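Listed here are the chains, written in short residue letters.
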Amino acid sequence: MTPTDIRRQVVVEELDLAGDGSTAVMVRRIIERGTYLGHLHTKSLDTGSRPNQITSGRVRDSSPRISPDGSQVAFLRSFPDHDDAPTRLCTMPLAGGRVRIWAPTGGDPGFGGIASIAWSPDGRTMAFTADVDPPRFIAGTRPSIGSSASRSKTLQSPLRSPTARRIIRSDWRWDEIGHLDYWSHLFVLEMTTGARPRQVTSGDWGAGAITWHPNGHTIGFSADLGNESDLAPFPKIWAVDIDAGPRSKRSIPRLVLDAPGGATKPAYSPDGRWLVAAGILEPEPLDDISTGLLLGPADGSRPPIELSPGLDRPFGNATDTDLTGWMVHGRHGPIWLDNRTIVAVISDRGRSLPERWVVDPKTGSPVEVPAASDRASHGPWADATTHMVALGGGVVATLGTLHGRAPELMTVDLAKPPSERRFASHTTFGSAWQRRLEQPEMRRIDVPGPGGPIETWIASPAGADDAPLPTIIDVHGGPLGCWAPAPHVEVILLTGAGYRVVLPNIRGSGAYGREWIRPQLGNWGGVDADDVHAVLDHAIALGLADPARLGALGLSYGGFMVNWLVATSDRFAAAISENGVTNQVSCWANSDSGPEYSRASLLGDPFTPDGVEKLWGQSPLKYVMNVNTPLLMFQAEADRRCPASDNEQFFIALRRLRRTVEYVLYPDESHTFSSSGRPDRRIDRMERMLTWFNRYL
């Protein structure tokens, strides 16, 4: 692989399934003339036919949702060549045909681009969320988002910048890239009448993760209605009746699932009796508490229970592989297969797989729950990550990686025990681009570590023997992320250039249980750095790594770890940190989520001398005088999670010390631009990465 091969990358990134399980609809993302495009494809699961492309053009179609009767597909459409055009709600026949645009149109006042969408049970009404007037913080003259002057503009690209922003909450920028100038609220659109969309919720809070009750009149959603939700962001599940009058109590959101540690992703059982969501019952949880599945009565008459409190594994896909594209949030459930069975994705030891929970439909008590296990012992079923899951007609369909290949459409029978489960693949059009390129040989080993075995993948060039090679240790983000059997695109690139890449799931990595995370809380640069060195020592002892030619690479928390390693060790010949952290004291407030992130991670706070000292003690900048390793720093200029201001401190200090350092800024890009940024910038990053390692390693 070479950097320009990024233009060939394809990602099958979204999925929905017809109610009878016969047909899947997917979004296939491509790069064309320097721009990402997304088109809908359908695939019959009953035949061996190829996927059928049903949309085309210079568009990015996303969020496909098949109507209850299976005749239509709703989706969102954006226009990559016209960033000022709002995202539109569209429908078309599932078999292909004319695309109809529903909203926003020239006659839709009061809201901007649309986000999540959901069909009503009878297929006659569409619910969606959209950013809505009034602005939260904008001051001075600026066209309203519903005015004729601004209707053609997205909220992120206004006609002109505001006079000012009057900030009274700390979450005005909590989205990694920009300003949250508007709340997102719930709307409904009567598809049979063609009437204008009607706003259902309003207030100084935002709604998301919408779901219909089977009665067709009630919608559940996730929201935090607290006055200080910016300080303690723990949303709960609410419900509202869409057919209630404006003065009815039923038009006021009512709490139906109270989770002190936050809840989202609600789903009603088919009979409307129960409500399941992903959440945490413990108040103000720390990072070592995994999100689980919570179940309670749909009317909120009793507190929820956790369905598998002993699982100690996080809900969703916590793995780090950018073969999924990193542009779309995964759909991981929970989803009801029937009135007894719930399906959701669980991350376990570097894998993320669909699992099932069986409950008593009368009492809600759990009857069967998954157990944490060593997925590596489950053979072909194990080495997968699940990015999307969809159900229909008893069929469980997924989009995900398997044995290192890019995501494809698969089905699996969850009624079988884990050791007997197998994925059945139904497409090849998502990973065909990989067949043109040499793929790394992935070897999984358990490295003896000071805190226990460290599950590690060693990626080697195709056909390489076990002789020592220049070796790069790549540290994942999070720190609650974890490497998966499927490699990053950069791993394919580096092994193609002759490097060996070591991918360890050190202490602090998610999906290995509380006891693996807890020692790293409030101890960044402690046990995690010890594990990195232990893994490198083991690779050298195996004869795989050349101790004179070691490199380090990492993004986000991985970028912190690279900065820390070069500031506390001289064993590396070259290093690259990307959107990392260097000064925990300043990052506490400069990061969009800094105070809450630091609380949950036990990093410290700036309110006492001891708290400041704790933050400073976990800051690579404290040890910058010790850096002698040639360091290349990548930074996305629009990153609010690990902002440029933090990493500039490290660069300026190293420059003043006259050390070998380069700082490369990428305009307009956000935290994970390496995988989802503009293609030419991703290519430039890869070229610089290879040049740096080739020069010094």
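Predicted model, so just to flag it, every value in this text is computed and none were measured.

Conventions and cut-offs
- Residues numbered from 1 in each chain as written.
- Predicted model: local features only at pLDDT ≥ 70, side-chain atom pairs only at ≥ 80, totals over all residues.
- Heavy atoms only, no water.
- Helix = DSSP H or I, 4+ residues; strand = E, 2+ residues; numbered from the N terminus.
- Polar contact = N/O pair within 3.5 Å; in protein donor to acceptor, adjacent residues only side chain to side chain.
- Buried < 20%, exposed > 50% of the residue type's maximum accessible area, 1.4 Å probe, protein only.
- Pairing = 2+ DSSP bridges.
- Core = buried A, V, L, I, M, F, W, Y, C linked by side-chain atoms within 4.5 Å.
- Axes fitted to C-alpha atoms, helices over the stretch in contact; angles between N-to-C directions.
- Parallel < 35°, antiparallel > 145°, perpendicular 65-115°, else oblique.
- Left-handed = near helix turned anticlockwise from the far one by under 90°.
- Contact = heavy atoms within 4.5 Å.
- Nonpolar A, V, L, I, M, F, W, Y, C, P; charged D, E, K, R; others polar.

S.K.: Quick one: what's the story with the side chain of Arg-60, residue by residue and with numbers?
M.R.: As for its placement among the helices and strands, Arg-60 is situated in strand β5 (residues 60-66). For Arg-60, the side chain forms a polar contact with the side chain of Glu-13, separated by 2.7 Å.

S.K.: Summarise the pairing of strand β10 (residues 125-132); cite the residues concerned and give the values.
M.R.: The element β10 is extensively covered by neighbouring structure, given that eight of its eight residues are classed as buried. Every second residue of β10 is oriented toward a common face, with Thr-125, Ala-127, Thr-129 and Asp-131 on one face and Met-126, Phe-128, Ala-130 and Val-132 on the other, all of them buried. For strand β9 (residues 111-119) and β10, the ladder comprises five bridges, and the chain directions are antiparallel. Bridging from a neighbouring strand, Ile-117 pairs with Phe-128 of β10.

S.K.: Before we move on, could you go through unusual backbone geometry and cite the residues and values that matter?
M.R.: Note that the residue after Asp-133, namely Pro-134, is joined by a cis bond; omega there is 0 degrees. Turning to its location among the elements, Pro-134 is positioned in the loop between β10 and β11 (138-139). You will see that Arg-33, though not glycine, has its phi angle at about 50 degrees, which is positive. Tracing the sequence through the fold places Arg-33 in the loop between β2 (23-32) and β3 (35-44). Arg-33 sits in the exposed class, given a relative accessible area of 64%.

S.K.: Please give an account of the nonpolar core that cites residues and values.
M.R.: One finds Ile-473, Leu-494, Val-532, Met-561, Ile-576, Phe-650 and Phe-693 to be the most contacted residues of the largest nonpolar core, which totals 89 residues. Among the elements that take part in this core, helix α4 (residues 557-568) stands out by supplying eight residues, more than any other.

S.K.: Requested: an account of the packing of helix α1 (residues 489-496) against helix α10 (residues 679-696), with residues and values cited.
M.R.: For the pair α1 and α10, the least separation of the axes is 11 Å and the interaxial angle reads 40 degrees. Here α1 lies oblique to α10, going by the angle between them. When the axes of α1 and α10 are compared, the crossing they make is right-handed. Packed against α1, whose contacting residues are Val-489, Glu-490, Leu-493 and Leu-494, the element α10 presents Arg-685, Met-686, Met-689, Leu-690 and Phe-693 at the interface. When grouped by side-chain class, the residues that make up the contact of α1 with α10 number seven nonpolar, no polar and two charged.

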